[in-house]
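Residues per chain, in single letters:
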Amino acid sequence: MTAPNDRKNDGGVPVPVTPAGATSGAPAELPPSSPAGQGMFGMQGSGDVSGYGGLVRRRTPIEEAPRPYGGYFDEVRDALEEAYPHFADAIEKVVVDRGELTLHVRPERIAEVCQVMRDDLALRFELCSSVSGVDYLGADERRLHVVYLLTSMTYRRRVRLEAAVSVEDPHLPSVTAVYPTADWQEREAYDMFGVVFDGHPNLTRILMPDDWEGHPQRKDYPLGGVPVEYKGAEIPPPDRRRSYQ
């Protein structure tokens, strides 16, 4: 990124400079984020004219779904319960919402459940297409959730697995031995959310520099950014605009 005062007498060619906020200590100097579920962009005071400052997002409680679930969901649960002796201990709850089946799994059991989901002939979830993180700040004591999207190409079925850990103990077993596709995805969840995947072959940052402090997609991470030059005008980062400071 460049700023107008960084140009030299070189025919208008931008000269690369180190963007603001790129140092490891920069995030700690920025204003704190807004409370979870209220407002947007860390807005304080009355300068916001968009209405987002008064936004309150309602959270729908995640509850156990009653049986029958419908479709193939009952078959998946029954097959897993039959194939996995520790089902009652490993599965915290089963949720059906928006046409998706989600199995909430105890963190220490996630790799075992994935192994059964892949290998059992009645399940055959051969593909883990995504491993992503979610931060439920203010809504769950174990606020860091990791979501696994599994696909059975044999039976054309999909299921979500979800495991929750706390910020104080953000450890989960890695599933890379079961699903090699989870390698870089677990690294991203570690980089952005700080979830530590025990047993990962190379758990290092993948998006941020190695010496970066903090995890940018946690909801209590300070709002920041870098200035962007656009058609001769410099657009400041969000925390430097109007009343957001």
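In the block above lies the structure referred to throughout.
We now turn to the structure provided with this report. (Residues numbered from 1 in each chain as written. Predicted model: local features only at pLDDT ≥ 70, side-chain atom pairs only at ≥ 80, totals over all residues. Heavy atoms only, no water.)

### Focus on the sheet that holds strand E3 (residues 127–135)
Heads up, the rule is: Pairing between strands requires that DSSP locate at least two bridges from one strand to the other. Think of it this way: any DSSP run of H or I at least four residues long counts as a helix, any run of E at least two long counts as a strand, and we number them from the N terminus. Lines fitted to the C-alpha atoms define the axes, with helices restricted to the stretch that makes contact. Angles between their N-to-C directions range from 0 to 180 degrees.
Pairing is mixed across the open sheet formed by five strands, whose spatial order is E1-E2-E5-E4-E3. At either end of the open sheet lies a strand with only one pairing partner, and these are strand E1 (91–97) and E3. Across the sheet, the mean angle separating the axes of adjacent strands is 20° when strand polarity is ignored. Looking at chain direction, E3 and strand E4 (residues 144–152) are connected through eight bridges and run antiparallel.

### Some points on the nonpolar core
Soluble globular proteins tend to bury their nonpolar side chains together. Put simply, the test is: In this description, a nonpolar core means a group of buried Ala, Val, Leu, Ile, Met, Phe, Trp, Tyr and Cys residues linked to one another through side-chain atoms lying within 4.5 Å. Here the term buried applies to any residue with accessible area under 20% of the maximum for its type, exposed to any over 50%, and partly exposed to those in between, with areas from a 1.4 Å probe on protein chains only. By the convention used here, residues are in contact when the closest approach between their heavy atoms is within 4.5 Å.
Core analysis: the biggest nonpolar cluster contains 41 residues, and Leu80, Val113, Met117, Tyr148, Leu150, Leu161 and Leu172 have the highest contact counts within it. By residue number, the principal contributor to this core is helix H3 (residues 110–119), which donates five residues. With sequence-adjacent residues up to four places away left out, Tyr148 is seen in contact with Ile110, Ser130, Val131, Val159, Arg160, Leu161, Leu172, Val175 and Phe197.

### Section: the layout of surface pockets
Short version of the rule: Here a cavity is any set of points on a 1 Å grid over the protein atoms alone where a 1.4 Å probe fits but cannot get out, and a pocket is any open set with protein on both sides within 12 Å along at least 5 of 7 lines; a residue lines the site when it has an atom within 4 Å of a point. Grid points are joined across faces, edges and corners, and a volume is the space filled by probe spheres set on the points. Gly counts as polar in this scheme, as do all residues outside two lists: the nonpolar Ala, Val, Leu, Ile, Met, Phe, Trp, Tyr, Cys and Pro, and the charged Asp, Glu, Lys and Arg.
Reported here for the largest pocket is a volume of approximately 840 Å³. As for the largest pocket, its lining consists of 33 residues, of which Thr60, Pro61, Ile62, Asp97 and Tyr136 are closest to the centre. Contributions of two or more residues to the lining of the largest pocket are made by E1, strand E2 (100–105), E4 and strand E5 (157–165). Of the residues forming the lining of the largest pocket, the biggest block, five residues, is contributed by E1. Each residue belonging to the lining of the largest pocket can be placed in one class, and the counts come to 13 nonpolar, five polar and 15 charged.

### Describing the packing of helix H1 (residues 73–83) against H3
The following threshold applies: What sets the label is the angle itself: under 35 degrees gives roughly parallel, over 145 gives roughly antiparallel, 65 to 115 gives roughly perpendicular, and the rest give oblique. Left-handed describes a crossing in which the near helix is turned anticlockwise from the far one by less than a right angle; the clockwise case is right-handed.
For the pair H1 and H3, the least separation of the axes is 10 Å and the interaxial angle reads 110°. With respect to their mutual orientation, H1 and H3 come out roughly perpendicular. Between H1 and H3 lies a crossing whose hand is right-handed. Contacts between H1 and H3 involve Val76, Leu80 and Ala83 from the first element and Val113, Val116 and Met117 from the second. Residue composition of the contact of H1 with H3, grouped by class: six nonpolar, no polar and no charged.

### What about the pattern of salt bridges?
Test applied: For this document, the term salt bridge refers to a Lys or Arg side-chain nitrogen within 4 Å of an Asp or Glu carboxyl oxygen.
Under the criterion given, the structure shown has 17 salt bridges. Residue Asp89 pairs with Arg106 through a salt bridge whose shortest N-O separation is 4.0 Å. With Asp89 in helix H2 (residues 87–90) and Arg106 in the loop between E2 and H3, this pair connects stretches of sequence that are 17 residues apart. Relative accessible area serves as the criterion here: at 36%, Asp89 is assigned to the partly exposed category. A relative accessible area of 32% means that Arg106 is categorised as partly exposed. With a shortest N-O distance of 3.6 Å, Arg124 and Glu126 are connected by a salt bridge. Relative accessible area serves as the criterion here: at 29%, Arg124 is assigned to the partly exposed category. Looking at Glu126, the relative accessible area reads 24%, which means it is partly exposed.

### Details of H3
Let me state the cut-off plainly: The arc in question is traced by the directions running from the helix axis to the C-beta atoms.
Looking at H3, one finds that the buried residues are Ile110, Val113, Cys114, Val116 and Met117. Angular distribution of buried residues about the axis of H3 spans 165°; they occupy a single face of the element.

### Focus on the packing of aromatic side chains
Heads up, the condition is: Between rings of Phe, Tyr and Trp, where Trp is taken as its six-membered ring, a pair exists when centres lie within 6.5 Å; planes separated by under 30 degrees are stacked, by over 60 edge-to-face, and by other angles tilted.
Applying the stated criterion across every chain, the model contains one aromatic pair. Ring geometry for Tyr72 against Phe73: centres 4.9 Å apart, planes inclined by 85°, an arrangement best described as edge-to-face. Given the relative accessible area of 24%, Tyr72 is considered partly exposed. Residue Phe73 is classed as buried on the basis of its relative accessible area, which comes to 9%.

### Observations concerning unusual backbone geometry
Residue Pro68 is reached from Arg67 by a cis peptide bond, and omega for that bond is 0°. By the secondary structure assignment, Pro68 is in the segment before H1. Positive phi outside glycine occurs at Arg98, with the angle close to 55°. Relative to the assigned elements, Arg98 resides in the loop between E1 and E2.

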